[in-house]
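# Structural features, examined
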Number of protein chains: 2
Amino acid sequence: MNVTIKDIAEQARVSYATVSRALNNKYGVDPETRRRVLSVAKELNYRPNAIARGLVSNRSFTLGLILPDVTNPYFPAVAAGIEAGAQERGYSVFLCNTNWDTRRETNYIKLLSERRVDGIIHAPVGNTLNEETEGLLPTVYVSNAPKNARQSSVIIDNIRGGYLATKHLIDCGYESVGFVGVSEHETMANNDRLEGYKTAFRRYGKEIKQDYIKFGDFRQETGYKIIQTMIADRSYPQAIFAENDVLAIGILHGIKDMGLRVPDDIALIGFDDISFSAYQEIQLSTISQPKERMGRLAVDLLIDEIESGDAKAAPRRVILEPELIVRKSSCRSTGSDEELLPRTEAGGSVPG
Amino acid sequence: MNVTIKDIAEQARVSYATVSRALNNKYGVDPETRRRVLSVAKELNYRPNAIARGLVSNRSFTLGLILPDVTNPYFPAVAAGIEAGAQERGYSVFLCNTNWDTRRETNYIKLLSERRVDGIIHAPVGNTLNEETEGLLPTVYVSNAPKNARQSSVIIDNIRGGYLATKHLIDCGYESVGFVGVSEHETMANNDRLEGYKTAFRRYGKEIKQDYIKFGDFRQETGYKIIQTMIADRSYPQAIFAENDVLAIGILHGIKDMGLRVPDDIALIGFDDISFSAYQEIQLSTISQPKERMGRLAVDLLIDEIESGDAKAAPRRVILEPELIVRKSSCRSTGSDEELLPRTEAGGSVPG
DNA sequence: ATGAAAGCGCTAACAT
DNA sequence: ATGTTAGCGCTTTCAT
């Protein structure tokens, strides 16, 4: 069996309450006694039982991380920030992979609540609040937050991101700009990116062509198929804003396999700035999210709430700025850099 | 406060032992009583406290997953298998990211032992056994295992992988074949891949040229720099076997940025078959590992050991077959497919 | 400064 | 079939 404070107490000839005090640096322990206890503990290779500790303190120093897909490079980038931040503050994190399945999300939340995690960081799939589980545990949403969420969140301004992407394509001079998204109403982030797209059209007095707005899912293959169908039907725009880089890369491949070129025949911009987008062979223009930083912010927010007992206080909504990254996929090389990066434009901020 | 079995006992007018029995489907509970207990439990929205349960059963149904870098696409692929397998069998997994730092590995193992995980799945950085922590917890190594490990492991035959890669390049007709590795003695997997490389040279009666064997680290950037230096020094082989795909992609970029072409000027093969290697823009030949399957095998092995109490039994070593994947980066299109895939060669297996 | 004892929520004997 | 009790390893009053 494992060594317990009782074993130490015996060896050190003190009560086990004293051992507990000594081990936890509490007041009221003779320095000499403390020294002896510590030395015995080390000698016996004592490891405090976090489970027992958790039972009495009602705190597990444990967090749940719920995300749709570890295999999609966007999420590990966020997760890295979360894991590092949690570790620094003495928390361990349970990895929960939902495979984009909201039922699995629900199950995981219940499971985590049985495991008595102190809180959850959740990159949710949908945009609807799960009434069954909402509020069960202190939660911080990251990357995407359900509508009307009563919990804190760390996201980027997706409307602005969608706006920047679309505006960039319009500024490049493309007459028609299409949109390829995950699903018509899947997540808030989706809605917002599409909203940003529409805003740009409005601003420029352009008319939205429904034929150039397509929805599928989050898979690369889907982007591939969507564009191939459009090309085969000879009905495709001069430029496409894809809602995320994975989709965009699928589109990129689809375009090439149909014998067309990017950006010459179809220009392309993605969203997220996953690491491969920067590869010289890909050179995908995109909207960047500060992924690791978002992860760190999310844990810090969560742990602050937990430790201050403020979990029920007003939720905080952190909204970070997206950044336009221009690479080769988006513009035929016309126009100056100024035009490509309309940073200084009046009214740069966008409604929402 | 959370609702406990006592609350249920009160409401259902039974002792809390009976509640426990009813909840856990134990024998000796009147069906009617059980029904009542269950209904009260549901009504009160009862969630069993896994912490308390763990304290008495001395089992947490919790696993630790220690890996070097979530951000390197190889590991999430393995992790996905682990997470899914664990979940199916009722275990949750703690994510531990070491950043290729062996001290962090040690710290994590201690931490996990305090958290009373039932076992650990470990993708270790080094090849040396950590005497301080080895055997502290039931462990299954995955992807790489320390020399003389006394615990089970799930790896591929890296010697054979290295051999296949090198043989392939030799078969393509390249006179000189170089090797770029992570570090001279960093991990067993590394050593073995290099060993396979050497074996191929021996088999073909070729002489190894030390100038064409280079070491760096696990970063893409490092591969980039190594090849650029070689090219700048005008001392580079016709083909290169890179110990992993991340390194290989760095090399690929380095070659292109120096104005040379792959495979025409320098042929290239990697190792791992991470997802981007298959991109049509990359087309990196490589040695494939069944990553997700390795993850699943590792959890299953671990949980079997845990649940059978066999943790101290003879460790099992699962060694899977690597697979040669030929894409465009490795051969100028000469020779038939037969030659490219020397599957039927006599003595296809390799010593080790 | 230290010890005795209660109790966290649960399971598992042991009674009845 | 059900209740009583002890105890898992620890923290935390409450005494002394």
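Read on for a plain summary of the structure. (Residues numbered from 1 in each chain as written. Chains lettered and ligands numbered in written order. Predicted model: local features only at pLDDT ≥ 70, side-chain atom pairs only at ≥ 80, totals over all residues. Heavy atoms only, no water.)

## Quick look at the overall build of chain A
Each helix and strand counted, chain A has 12 helices and 12 strands in total. Taking 20 Å as the expected radius of gyration for a compact globule of 352 residues, we find that chain A reaches 26 Å, considerably beyond that expectation. Principal-axis analysis of the C-alpha atoms gives chain A an extent of 85 × 40 × 40 Å. Out of the 352 residues in chain A, the part that is buried amounts to 57%. Long-range contacts, defined as pairs at least 24 residues apart, comprise 70% of the intrachain contacts of chain A with a sequence gap of at least 6. By element, 47% of the accessible surface of chain A is carried by carbon and sulfur atoms, the whole surface being about 15400 Å². Counting 43 positive and 47 negative side-chain charges, chain A places the averaged centre of each group 5 Å from the other. (Helix = DSSP H or I, 4+ residues; strand = E, 2+ residues; numbered from the N terminus. Rg over C-alpha atoms; globule rule 2.2 N^0.38 Å. Buried < 20%, exposed > 50% of the residue type's maximum accessible area, 1.4 Å probe, protein only. Contact = heavy atoms within 4.5 Å. Areas by Shrake-Rupley, 256 points an atom, 1.4 Å probe, with all protein chains shown as cover. Lys, Arg positive; Asp, Glu negative; His and termini not counted. Charge placed at Lys NZ, Arg CZ, Asp CG, Glu CD.)

## Let's talk about the pattern of salt bridges
Residues and elements named next belong to chain A. By the definition in use, this model includes 40 salt bridges over all chains. Here Arg150 makes a salt bridge to Glu131, at a shortest N to O gap of 3.5 Å. Taken together, the residues span a long stretch of sequence, with Arg150 in the loop between β4 (139–142) and β5 (152–156) and Glu131 in the loop between β3 (119–122) and β4 at a distance of 19 residues. Several salt bridges converge on common partners, so that one network encompasses Arg89, Asp300, Asp304 and Glu307. (Salt bridge = Lys/Arg side-chain N within 4 Å of Asp/Glu carboxyl O.)

## Some thoughts on the protein's contact with DNA strand C
Near DNA strand C lie 26 residues; those nearest to it are Ser15 and Arg21 of chain A together with Ile5, Lys26 and Tyr46 of chain B. The contact in question runs from a phosphate oxygen of DNA strand C to an N or O atom on the backbone of Ile5 of chain B, over 2.6 Å. Within the side chain of Asn24 of chain B, a nitrogen or oxygen atom sits 3.2 Å from a phosphate oxygen of DNA strand C. Those elements that place two or more of their residues in the surface near DNA strand C are α2 (16–23) and α4 (50–57) of chain A together with α2 (16–23) and α4 (50–57) of chain B. Class assignment for the residues of the surface near DNA strand C results in 13 nonpolar, 8 polar and 5 charged. (Near = heavy atom within 4 Å. Polar contact = N/O pair within 3.5 Å; in protein donor to acceptor, adjacent residues only side chain to side chain. Nonpolar A, V, L, I, M, F, W, Y, C, P; charged D, E, K, R; others polar.)

## Topic: the interface of chain B and chain A
Residue-level contacts link 49 residues of chain B with 49 residues of chain A. When chain B packs against chain A, the two sides together hide about 4700 Å² of surface, and 55% of this comes from carbon and sulfur. The tally of links from chain B across to chain A stands at 4 salt bridges. A salt bridge links Arg47 of chain B to Glu114 of chain A, with the shortest nitrogen-to-oxygen separation between them at 3.6 Å. One can count 24 residue pairs in polar contact (both at pLDDT 80 or more) joining chain B with chain A. Every element with two or more residues in the side of chain B that touches chain A is listed here: α4, α5 (74–88), β2 (92–97), α6 (102–114) and α10 (245–257) of chain B. (Buried area = accessible area lost by both parts, 1.4 Å probe.)

## Examining the sheet that holds strand β8 (residues 239–242) of chain A
All names here are of chain A. With parallel pairing, 4 strands are arranged side by side in an open sheet as β7-β6-β8-β9. Whereas interior strands pair on both sides, the edge strands pair on one side only; in this sheet they are β7 (213–215) and β9 (267–269). Mean inter-strand twist for the sheet, computed between neighbouring axes without regard to direction, equals 20°. Relative to β8, strand β6 (residues 177–181) runs parallel, the two sharing 4 bridges. Opposite Gly178, over in β8, you have Ile240 as the bridge partner. Sheet contacts for helix α7 (residues 158–171): β6, β8 and β9; angle to β8, the most-contacted strand, approximately 170°. (Pairing = 2+ DSSP bridges. Axes fitted to C-alpha atoms, helices over the stretch in contact; angles between N-to-C directions.)

## A word on the side chain of Ser330 of chain B
All names here are of chain B. By secondary structure assignment, the location of Ser330 is in the loop between β12 (323–325) and α12 (337–340). Side-chain polar atoms of Ser330 contact the side chain of His168, separated by 2.8 Å. Not counting chain neighbours up to four residues away, the residues in contact with Ser330 comprise His168, Leu169, Cys172, Tyr174, Pro263, Ala267, Leu268 and Ser285.

## Re the environment of Thr71 of chain A
You can see Thr71 of chain A is positioned in the loop between β1 (62–67) and α5 (74–88). Between the C-alpha atom of Thr71 of chain A and that of Asn99 of chain A, which follows or precedes it by 28 residues, the distance is 9.6 Å. Residues contacting Thr71 of chain A, with those up to four places away along its chain left out, are Pro76, Ala77 and Ala80 of chain B.

## Brief notes about the packing of helix α1 (residues 5–12) of chain B against α2 of chain B
If you want to describe how two helices pack, look at the angle between their axes and the distance between the axes. Residues and elements named next belong to chain B. Where α1 contacts α2, the axes come no closer than 8 Å and their chain directions differ by 105°. Overall, the two elements α1 and α2 adopt an arrangement that is roughly perpendicular. Contact residues: Ile5, Lys6, Ile8 and Ala9 in α1; Tyr16, Val19 and Leu23 in α2. Split into classes, the residues belonging to the contact of α1 with α2 amount to 6 nonpolar, no polar and 1 charged. (Parallel < 35°, antiparallel > 145°, perpendicular 65-115°, else oblique.)

## Details of the relation of the copies chain B and chain A
In this arrangement, two copies of a chain are superimposed by a rotation about an axis accompanied by a shift along the axis. Overlay of chain B on chain A (RMSD 0.1 Å): rotation 180°, translation along the axis 0.1 Å. Taken together, the rotation angle and the small translation identify this as a two-fold axis. No C-alpha of chain B approaches the rotation axis more nearly than that of Phe94 of chain B, which lies at 2.2 Å. An overlap of 100% is found between the interface residues of chain B and their copies at the interface of chain A, pointing to a shared contact surface. (Least-squares fit on C-alpha atoms with pLDDT ≥ 70 in both.)

## With respect to the state of the cysteines
Here is the idea: a disulfide is a covalent bond, and it sits between the sulfur atoms of two cysteines. All names here are of chain A. This structure, assessed with the given rule, holds 2 disulfides over all chains. Between the sulfur of Cys172 and that of Cys331 lies a disulfide, 1.5 Å long from S to S. Since a negative S-S torsion denotes a left-handed disulfide, the Cys172-Cys331 link at about -50° is left-handed. Taken together, the residues Cys172 in the loop between α7 and β6 and Cys331 in the loop between β12 (323–325) and α12 (337–340) connect sequence positions 159 residues apart. Exposure class is identical for Cys172 and Cys331. Each is buried. (Disulfide = S-S within 2.5 Å.)

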